Every structure is written in structure tokens, then in C-alpha cells.
Amino acid sequence: MPKLADERGRQPVIFIDAYMDRYVLPIASDVDRFFDTLSHFVDMLVVDQGYLFDGMPGIHFPDSVPELIARDRRLVEMIATGRFDFIMNLGDEFQDWLARVKSARG
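Residues numbered from 1 in each chain as written. Predicted model: local features only at pLDDT ≥ 70, side-chain atom pairs only at ≥ 80, totals over all residues. Heavy atoms only, no water.

Enquirer: Please give an account of the packing of aromatic side chains that cites residues and values.
Expert: Across all of its chains, the model carries 3 aromatic pairs by this definition. Consider the rings of Phe34 and Phe61, whose centres lie 6.2 Å apart with planes at 70°: the pair is edge-to-face. Pair noted here: Phe34 is in helix α1 (residues 31-45) and Phe61 is in the loop between α2 (49-54) and α3 (66-69), with a separation of 27 residues, a long-range link. Both residues of the pair, Phe34 and Phe61, count as buried. Aromatic pair Phe41 and Phe61: ring centres 5.3 Å apart, planes at 55°, arrangement tilted. With Phe41 in helix α1 and Phe61 in the loop between α2 and α3, this pair connects stretches of sequence that are 20 residues apart. The same class applies to Phe41 as to Phe61, namely buried. Ring pairing ties together the aromatic residues Phe34, Phe35, Phe41 and Phe61, which thus form one cluster. (Phe/Tyr/Trp six-rings, centres within 6.5 Å; stacked < 30°, edge-to-face > 60°. Helix = DSSP H or I, 4+ residues; strand = E, 2+ residues; numbered from the N terminus. Buried < 20%, exposed > 50% of the residue type's maximum accessible area, 1.4 Å probe, protein only.)

Enquirer: Go over the environment of Asp32, please, and point to the residues and values.
Expert: Structurally, the position occupied by Asp32 is in helix α1. Sequence spacing of Asp32 and Asp43 is 11 residues, and the spatial spacing of their C-alpha atoms is 17 Å.

Enquirer: Quick one: what's the story with the nonpolar core, residue by residue and with numbers?
Expert: Judged by nonpolar contacts, the single largest core of 27 residues is most densely connected at Ile27, Phe41, Phe61, Ile69, Phe84, Trp97 and Val101. Listing elements by their share of this core, those giving two or more residues are β2 (23-28), α1, α3, α4 (73-80) and α5 (92-102). In terms of residue count, the dominant contributor to this core is β2 (5 residues). Leave out the neighbours within four places in its chain, and Phe41 touches Ile59, His60, Phe61, Val65 and Leu68. (Core = buried A, V, L, I, M, F, W, Y, C linked by side-chain atoms within 4.5 Å. Contact = heavy atoms within 4.5 Å.)

Enquirer: An account of α1 is needed here, citing residue identities and associated values.
Expert: With 15 residues, α1 extends 21 Å between its outermost C-alpha atoms, agreeing within 8% with the 21 Å of an ideal straight helix rising 1.5 Å per residue. Within the sequence span of α1, burial applies to Phe34, Thr37, Phe41 and Leu45. The arc that holds every buried residue of α1, seen down its axis, measures 90°, which confines them to one face. Of the residues in α1, the exposed ones pointing more than 90 degrees away from the buried face are Asp32, Phe35 and Asp43. Tucked into the core, α1 has its buried residues touching β1 (13-17), β2, α2 and α3. Two or three places before Asp32, at the start of α1, stands the capping residue Asp30, its side-chain oxygen 3.0 Å from that residue's backbone nitrogen. (Expected span 1.5 Å × (residues − 1). Arc of directions from axis to C-beta. Polar contact = N/O pair within 3.5 Å; in protein donor to acceptor, adjacent residues only side chain to side chain.)

Enquirer: I'd like to hear about a nonpolar patch on the surface, residue by residue, with values.
Expert: Where nonpolar side chains cluster on the molecular surface, the patch consists of Val42, Val46 and Val47 and spans about 240 Å² of accessible area. In this structure, Val47 sits in the loop between α1 and α2. Taking the relative accessible area as the measure of exposure, Val47 reaches 54% and is therefore exposed. (Patch = residues over 30% accessible without salt bridge, like charges linked within 9 Å, V, L, I, M, F, W, Y side chains within 5 Å. Areas by Shrake-Rupley, 256 points an atom, 1.4 Å probe, with all protein chains shown as cover. Salt bridge = Lys/Arg side-chain N within 4 Å of Asp/Glu carboxyl O.)

This is the structure:
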């Protein structure tokens, strides 16, 4: 998202689900934070009982892990100040997700 680049040229990472729900979620303030968050998700996934049993995970990225996303304080601040409002078209099912991410700002 070049439009959202900071003064150092770092761009936030967004998740786009264009299949059925068609939603956009900001998931990291930059690529380094994205890989950090993703590595924590993989740590969770490898102990997920559903995934271990039949390969079907009980958790999904990013919608099942707002607490991991919220660890990126810079991203939380960007969300709270409305930097992503022009691209987010979230239905009711993601309002709780967004509230849980923003509540980390504390």
C-alpha cells in the first residue's frame, strides 16, 4: 500500500480475502512485523489439535488471532487513528476482531 507508506518508505501489510467475504484486514505495520506475527501463528498451529489430528486447523490467519496482530503496537495505532478506514469494509463479524486488536492499545 504505497499510499500508506511512512517517512522511511515502510508500507503496512494487509490481508485481502477476495473469495467470498471480500474483506480487507490490516495485519502488520511492515513486512518484518508480518513475518514475526506469522511465525507466532505457525507456533500456535503446530500444537493445534485439529491440525495435528486431521490437517484441518482450528485457527485461521488472520481472523482467529487478533491478539497476535495486536502485538504490533505501531499497527494498532494506525488502526486507531483511522489510517485504514478507506480500505476496510468490515461486516459485523469482524467488528469484534477489530475491537480486540484496538483494545491492545493501552
